[in-house]
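An overview of the molecular structure
The primary structure of each chain is shown beneath.
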Amino acid sequence: TTMGSMQLRNIREGGFKGKIFPIHPRLDEVQGYKAYKSVLDLPETPELAFIILPPRIVPEVMQECGEKGIKHLIITSGGFREVGEDGLELSKKINQIAEKYGIRFVGPNCLGIYNGWYDPDNENSHFNTMWIYETPERGNISIISQSGTIACHLVWHCQDWGVRVGKSLSIGNELNIDIVDYLEFFKDDPHTQVIGLYIEEIKRGREFIDIVKKITPKKPIVAIYAGGSEAAERSIMSHTGAIGGNQNIYDAVFKEAGIISTISMQDFLYYLRTLSFAQKEQVFMKGKKIAVVTDSGGSGSMMTKSLEQLGLIVPKFSDSLQNEIKKYIPPTASALNPIDVTFDIDFLNLFKTFPKILMESGEVDGIIVYGVFDLDDVLKTMEDSGMEIDDQMRNIGNVIQRAVFKPMKRLMKKYSIPVFYVGPIPYRSDWIRKFISHNIPIFDLWDAPSQCFKVLSDYSQFRRRVN
């Protein structure tokens, strides 16, 4: 099948070290590997069988795997309980075969697994059974998803936004291994520090709450629950045949277990990224007070309003702090909070001097800095406009790289005060790429940082309370 060919290619391209045995009824060779007519013809017993076949053939092939002694399967095939009576019958059959031979399997109706930590020493290697060929830069985020799409279609955005996913599991109908089992694994997995869940149903509710309560004090969990309305239930029944549940029940379960909940894909990725940064750099907020530093009035006002609407505090600075700030800003600018420097092109003040003064003041728990432009672009345009550009200005890019990236990360760690930088330039810009490559929180627009601060502040408070 076309899908199978893509999946085989992805396993091969990821630097898989083991042997691969394609099974094909007609071909003698597939993608350079010797092919076999049946599992029973294989010269040895593989560790894993990967089944991408029409559902009615799955029991027969599974039976052969059992006879061959294969103990682990990924079943991509759909057409089980989500198609009604016949599917339920097939589900029963494959469960019986699994029991008889002691087989554990992922799926059915799934894309399987992506493991960026397949070879920990080689960051370009991965084990990818999904059909998406793009892979994220690996990091400490792991995803468990009852939808294949949400397990793998995100990776292009992950690349753009610096969301570093190390592992992603498409778990399908969970006929054999369920979400509780996967969470058990991630609880102790050294490469997992943040977990993202996409849920259509939870089969073992009590066990789910128990395992999550053990995880969230150490590793934050962000979850999307897709059910809860009549139309959503219809969609879920046709997708995985799952029985969802009342939204209020899920809200209560998530709250009790300390899970961060959203129904926005954008928020899902941003929250994972924010918590991934906090875990990797060990920067958790001490409270709810946020400073806003901006070179634009409108974005400053919007960020201030959204922070307050979310229950965070934008405190007025003390007189002594205002006086300290006034030394660095034009007389027309404001030092109250937000610090609005108006059109001041001293990027070093914006990116480093103000955040450092604010951290040392002890008056805030988090800082937003608005005004990350593409400096090389800005200088070129200034020159084209007839402005004199001296060597000092020309060198500003190098100065900022040296003075901001590593030193600011050290300061964030020292004071446990995160600094979120904000564009207005898109993620593809060279300067945003620089922030991302240094693992510094950066946003293209100014509406997401407030929500991310809310999530980080709430989780930091939860973590202090339960640990």
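Residues numbered from 1 in each chain as written. Predicted model: local features only at pLDDT ≥ 70, side-chain atom pairs only at ≥ 80, totals over all residues. Heavy atoms only, no water.

**Observations regarding the packing of helix 13 (residues 347-361) against helix 16 (residues 396-415)**
For the pair helix 13 and helix 16, the least separation of the axes is 10 Å and the interaxial angle reads 20°. The angle between helix 13 and helix 16 falls in the class roughly parallel. Between helix 13 and helix 16 lies a crossing of left-handed hand. On helix 16, the residues touching Phe347, Leu348, Phe351, Lys352, Pro355, Lys356, Met359 and Glu360 of helix 13 are Val399, Ile400, Ala403, Val404, Pro407, Met408, Leu411, Met412 and Tyr415. The residue makeup of the contact of helix 13 with helix 16, split by class, is 14 nonpolar, no polar and three charged. (Axes fitted to C-alpha atoms, helices over the stretch in contact; angles between N-to-C directions. Helix = DSSP H or I, 4+ residues; strand = E, 2+ residues; numbered from the N terminus. Parallel < 35°, antiparallel > 145°, perpendicular 65-115°, else oblique. Left-handed = near helix turned anticlockwise from the far one by under 90°. Contact = heavy atoms within 4.5 Å. Nonpolar A, V, L, I, M, F, W, Y, C, P; charged D, E, K, R; others polar.)

**Focus on the sheet that holds strand 4 (residues 72-75)**
Here three strands make up an open sheet; going across it, the order is 3-4-5 and the pairing parallel. A single partner strand is all that each edge strand has here, and the edge strands are strand 3 (49-51) and strand 5 (104-106). In this sheet, adjacent strand axes meet at a mean angle of 25° when their direction is disregarded. Judged from the three bridges that link them, strand 4 and strand 5 form a sheet pairing that is parallel. In the strand pairing of strand 5, Leu73 is matched with Phe105. Sheet strands touched by helix 2 (residues 58-68): strand 3, strand 4 and strand 5. Its angle to strand 4, the strand with the most contacts, is close to 165°. (Pairing = 2+ DSSP bridges.)

**Topic: the layout of surface pockets**
By volume, the second largest pocket amounts to about 520 Å³. Lining of the second largest pocket is provided by 18 residues; of these, Lys255, Gly258, Ile259, Ile260 and Asp458 occupy positions nearest its centre. At the level of secondary structure, the elements contributing two or more residues to the lining of the second largest pocket comprise helix 9 (247-257), strand 12 (260-261) and helix 18 (448-466). Top contributing element to the lining of the second largest pocket by residue count: helix 18, with eight residues. Residue composition of the lining of the second largest pocket, grouped by class: eight nonpolar, four polar and six charged. (1 Å grid on protein atoms, 1.4 Å probe; cavity = no way out; pocket = protein on both sides within 12 Å on 5 of 7 lines; lining within 4 Å. Points joined across faces, edges and corners; volume = space filled by probe spheres on them.)

**Considering helix 6 (residues 179-188)**
Along helix 6, the residues classified as buried are Ile179, Val180, Tyr182, Leu183 and Phe186. Down the axis of helix 6, the sector holding all buried residues measures 155°, keeping them to one side. The exposed set on the far side of helix 6, more than 90 degrees from its buried face, consists of Phe185 and Asp188. Among the structural elements, strand 5, strand 8 (141-145), strand 9 (165-170), strand 10 (194-199), helix 7 (205-215) and strand 11 (221-225) are those in contact with the buried residues of helix 6. (Buried < 20%, exposed > 50% of the residue type's maximum accessible area, 1.4 Å probe, protein only. Arc of directions from axis to C-beta.)

**A few points about the sheet that holds strand 17 (residues 442-443)**
As summarised here, the arrangement of the five strands in space is 14-13-15-16-17, forming an open sheet in which the pairing is parallel. Because the sheet does not close on itself, it has two edges, and the strands there are strand 14 (339-340) and strand 17. Bridge analysis of strand 15 (residues 366-372) against strand 16 (residues 419-424) gives five bridges, and the strand direction is parallel. Residue pairing for strand 16: Val372 is matched across the bridge by Pro424. Helix-sheet contacts for helix 11 (residues 297-309) involve strand 13 (290-294), strand 14 and strand 15, and the interaxial angle to strand 13 is about 165°. Strands in contact with helix 18 are strand 13, strand 15, strand 16 and strand 17; relative to strand 16, the strand with the most contacts, it is inclined by about 165°.

**Here's the deal with the nonpolar core**
Grouped together as the largest cluster of nonpolar side chains are 86 residues, with contacts concentrated most on Ile325, Phe351, Leu358, Met359, Ile367, Tyr421 and Phe435. Phe435 has contacts with Phe351, Val372, Phe405, Tyr421, Ile440 and Ile442, leaving out every residue within four places of it along the chain. Ranked by size, the runner-up nonpolar core spans 29 residues in total, among them Ile144, Leu169, Ile211 and Val253. (Core = buried A, V, L, I, M, F, W, Y, C linked by side-chain atoms within 4.5 Å.)

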